[in-house]
Amino acid sequence: MAGILAELLPEQTLQIVYLIAGILFIQGLRDMTHPRTATRGNLISSGGMFLAVVVTVLWFEILSPVILAAGLLVGGAIGGYLAITVETTEMPQLVGLFNGFGGGASAVVAGAELIDVFSASGSLSLELTTSAAVAGIIGSVTFSGSFVAAGKLHGLVGDSPVSPNVGHVIKAVFLAISLLAGLYLVAQPGLFGESLQTDWIPVYWLLVGAALLLGVALVLPIGGADMPVVIALLNSYSGLAAATTGFVLDNTVLIIAGTLVGASGMILTVIMTESMNRSLANVFFGGLGTGGGGESDEEMDAIYEGNISETSAEEVVMLLETANRVVIVPGYGMAVAQAQHAVAELVELLDENDVDVEFGIHPVAGRMPGHMNALLAEADVPYEKMRELEEVNPTFSQTDLVIVSGANDVVNPRANEDDSSPIAGMPILNVTEARHVVVNKRSLSPGFSGIANPLFARDNTSMLFGDAKESMQELVNEYKEATS
Amino acid sequence: MTFVENLTLFVLSAFVGYEIITKIPTNLHTPLMSGANAISGITLLGSVVVAGSGSTTLATALGFVAVVMATINVIGGYLVSHFMLSQFSQRGR
């Protein structure tokens, strides 16, 4: 099995090229640590990928070049089309979808390699079957889990039709089936000898099938606000699937690249769960959104009754005119209403009038890690204005006005004050310390946690009811009039 | 390469990844995720070999499917991060 390059160059060349590709991936990620170098980092990383793919194609003997070229063209066209036509608001589901394809490819490759090696040599090593079983399970869970997550984000897939307890049983059954199939795959050459090895192929696909259903059962019950965790975790899995496929194929760059992605996704997952003060197990096996836990209308009325002051765009503009420092807290509501451009325009106007204006961004605002930052960047907001929770919290006491746009649970003071609330201990943006808070929301309906938000009833809070985009546009127009 | 050598590579890469990724600011988490996502499409290398040199029809067909999926992942992931990052750098300098 040798291609053009393998005949011309020494044996180690392929390994050296893979090493170079690995270095390019690492350097690409290093450049991602700063917005100024991040674009270059992405190019370096894609250069590493291009190099690795081209050399691989030329190194190995390609028996069916037409099939290979067709695969690359079809995949490239689909991926390119999706990336070019996507709306910024649909970004989370697209990232989830791409993840799924990577995981699926890993599972399929591991299976194909088993078939290949077996038909060539008639036997399978323990390392090969173990790695293939792991890659098959992780890759399949990533594939189906990502599709369900993307479907939920796109509004195509609803909530789980079964109760949480039944769901746990279903998960356990599919996990057990895929693990048993994996064990059989690993143990059977030793247990039954060479003669029985022909029946392992259906066992691998049984493993894949059970793991696919496991992915569905795992993600289906998880609610919208937990999606940043799920997307980050699936991202990690797609990397781990590639790394284990690297073990199957004995391919160093697959191991390096896959592990880097696995680490990246895992770190994001940890950041997301810590930002919600929850454990990973809690996200997957219950907690918010799955077990009811919401408050009744009466309980909410008791908090809101007589304490809500409604405001108008004119009044908010009066506050803006006298303010020295304004902080805007965006949430998923802003993303849904596509209000980011109107918000950015308001910020620009405030900037021109020498108002100190910044964004306070909670790590889990939105549906994926960094979602709000990506949306605001699309609306040309300079990244220096986007402040993280730890940076912005100490500044609220010197802030004249906070405008909350479509956020709820991340500014709920009960996280600090009420130990029995479902969000107790979750780090929040302490907007109540500011002189005035204006909450722009369509209604008083609760956030994902299902509990009332006493912030709305505070003396220094007023509610600006309405669609985020329309309200912001109104503020922009009123403010223009007032300052011109 | 033996299993243990591969394992060594795996563990060391995990540490390198940890050190770098913890330094990436929240601002860039979305482009990081889609960029990392594209890197996980590295499994394309395996797909290429399997699709191109599959000794049975079944392995070749599976290889084709894998090449399509991995290429979607790679091309889509890099493009999406590129578009996103170019928005960051427009006024982010």
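Reading the values: the criteria
The residue numbering used here restarts from 1 in each chain and proceeds along that chain's sequence as written. Throughout, the order in which chains and ligands are written sets their labels, letters from A for the former and numbers from 1 for the latter. Two thresholds apply to this predicted model, a pLDDT of at least 70 for residue-level local features and 80 or more for giving and counting side-chain atom pairs, whereas whole-chain, interface and lining totals are computed over all residues. No hydrogens and no water enter the side-chain calculation; it runs on all heavy atoms of the structure. To qualify as a helix, a DSSP run of H or I must reach at least 4 residues; to qualify as a strand, a run of E must reach at least 2; elements of each kind are numbered from the N terminus. Multiplying 1.5 Å by the residue count of a helix minus one yields the expected span of that helix. An automatic or database domain assignment provides the domain bounds reported here. Here the nonpolar core consists of buried residues drawn from Ala, Val, Leu, Ile, Met, Phe, Trp, Tyr and Cys, with membership extended through side-chain atoms lying within 4.5 Å. Here the term buried applies to any residue with accessible area under 20% of the maximum for its type, exposed to any over 50%, and partly exposed to those in between, with areas from a 1.4 Å probe on protein chains only. Should any heavy atoms of two residues lie within 4.5 Å, those residues are considered in contact. The pLDDT score gives, residue by residue, the confidence of the prediction method on a 0 to 100 scale. Should DSSP find at least two bridges between two strands, the strands are taken to pair. As a rule, the C-alpha atoms of each element are fitted with a line to give its axis, helices using only the stretch in contact, and angles between N-to-C directions run from 0 to 180 degrees. The term buried area means the drop in 1.4 Å probe accessible area that two parts suffer when joined, counted for both and summed. Salt bridge, as used here, is a side-chain nitrogen of Lys or Arg placed within 4 Å of a carboxyl oxygen of Asp or Glu. The definition of a polar contact used here is a pair of N or O atoms within 3.5 Å, where within protein one atom must be able to donate a hydrogen and the other to accept one, and adjacent residues in sequence count solely through side-chain atom pairs. Any residue outside Ala, Val, Leu, Ile, Met, Phe, Trp, Tyr, Cys, Pro, Asp, Glu, Lys and Arg is labelled polar, Gly included; the first ten of those are nonpolar and the last four are charged. When two rings of Phe, Tyr or Trp (its six-membered ring) have centres within 6.5 Å they constitute a pair, described as stacked for plane angles under 30 degrees, edge-to-face for angles over 60, and tilted for the intermediate range. Note on criteria: charge over ring means Lys NZ or Arg CZ within 6 Å of the ring centre, with the direction from the centre no more than 35 degrees off the ring normal.

Trainee: What should I look at first to understand helix H9 (residues 227-249) of chain A in this one?
Mentor: Think of an α-helix as 3.6 residues a turn; residues three or four steps apart then line up on the same face. Taking 1.5 Å per residue as the helical rise, H9(A) with its 23 residues ought to reach 33 Å, and the 33 Å between its terminal C-alpha atoms agrees with that figure. Asp250(A), located one to two residues past H9(A), shows a positive phi value of around 60°.

Trainee: Teacher, can you tell me more about the domain arrangement of chain A here?
Mentor: How big an interface is tends to be reported as the loss of accessible area on association of its parts. Domain annotation of chain A identifies domain 1 (1-85), domain 2 (91-292) and domain 3 (297-483). One C-alpha centre belongs to domain 1 of chain A, the other to domain 3 of chain A, and the line joining them spans 44 Å.

Trainee: I'm lost on the nonpolar core in this one. Help?
Mentor: A general tendency of soluble globular proteins is for nonpolar side chains to be buried together. Membership of the largest hydrophobic core comes to 175 residues, with the highest contact counts inside it found for Phe25(A) and Ile42(B). With sequence-adjacent residues up to four places away left out, Phe25(A) is seen in contact with Ser45(A), Gly48(A), Met49(A), Val253(A), Ala257(A), Leu260(A), Ile39(B), Ile42(B) and Tyr78(B).

Trainee: Hey, could you run me through the confidence of the model for chain B in this one?
Mentor: It should be kept in mind that the predicted coordinates are not to be read in detail where pLDDT is low. Overall, the prediction assigns chain B a mean pLDDT of 86, with 92% of residues at 70 or greater. Considering each helix and strand of chain B separately, the mean pLDDT is smallest for helix H3 (residues 44-53) of chain B, with a value of 83, and largest for helix H1 (residues 3-21) of chain B, with 92.

Trainee: Would you mind going over the sheet that holds strand E6 (residues 461-465) of chain A with me for this structure?
Mentor: Backbone-to-backbone hydrogen bonds join strands into a sheet, with any given pair of strands oriented parallel or antiparallel. All names here are of chain A. Taken in spatial order, the 6 strands of this open sheet run E3-E2-E1-E4-E5-E6, and their pairing is parallel. A single partner strand is all that each edge strand has here, and the edge strands are strand E3 (386-388) and E6. If you compare each strand with its neighbour and ignore which way they point, the axes differ by 25° on average. One ladder, built from 5 bridges, connects strand E5 (residues 436-441) with E6; its direction is parallel. By the bridge assignment for E6, Val-437 is matched with Thr-461. Contacting strand E4 (401-405), E5 and E6, helix H19 (residues 468-483) runs over the sheet at an angle of about 145° to E4.

Trainee: Looking at this model, I keep getting lost on the interface of chain A and chain B. Mind explaining?
Mentor: On the chain B side, the residues contacting the 104 residues of chain A number 81 residues. Buried area between chain A and chain B, both sides added, is near 8000 Å², and the carbon and sulfur share of it is 76%. Looking at the side of chain A facing chain B, the largest losses of area belong to Met32(A), Met49(A) and Phe247(A), adding up to 7% of the total buried there. Counting across the interface, chain A meets chain B through 0 salt bridges. The tally of links between chain A and chain B comes to 13 residue pairs in polar contact (both at pLDDT 80 or more). For the side of chain A that touches chain B, the leading source of residues is helix H5 (residues 91-121) of chain A, giving 17 residues. For the side of chain A that touches chain B, the residue count by class is 61 nonpolar, 31 polar and 12 charged.

Trainee: Help me understand the packing of aromatic side chains, please; the structure alone is not making it clear to me.
Mentor: The description of an aromatic ring pair rests on the distance of the ring centres and on the angle between the ring planes. In this structure the tally under the stated criterion is 6 aromatic pairs over all chains. Between the aromatic rings of Phe101(A) and Phe147(A), the centroid separation amounts to 5.4 Å while the plane-to-plane angle is 85°, which identifies the pairing as edge-to-face. Here Phe147(A) lies in helix H6 (residues 126-153) and Phe101(A) lies in helix H5, a separation of 46 residues in the sequence. Residue class for Phe147(A) comes out partly exposed when judged on its relative accessible area of 32%. Aromatic pair Phe247(A) and Phe10(B): ring centres 6.1 Å apart, planes at 70°, arrangement edge-to-face. Of this pair, Phe247(A) sits in helix H9 while Phe10(B) sits in helix H1, which puts the two residues in different chains. In this structure an aromatic cluster arises from ring pairing among Phe101(A), Phe143(A) and Phe147(A). Note that Arg367(A) overlies the ring of Tyr332(A), its terminal NZ or CZ placed 3.6 Å from the centroid.

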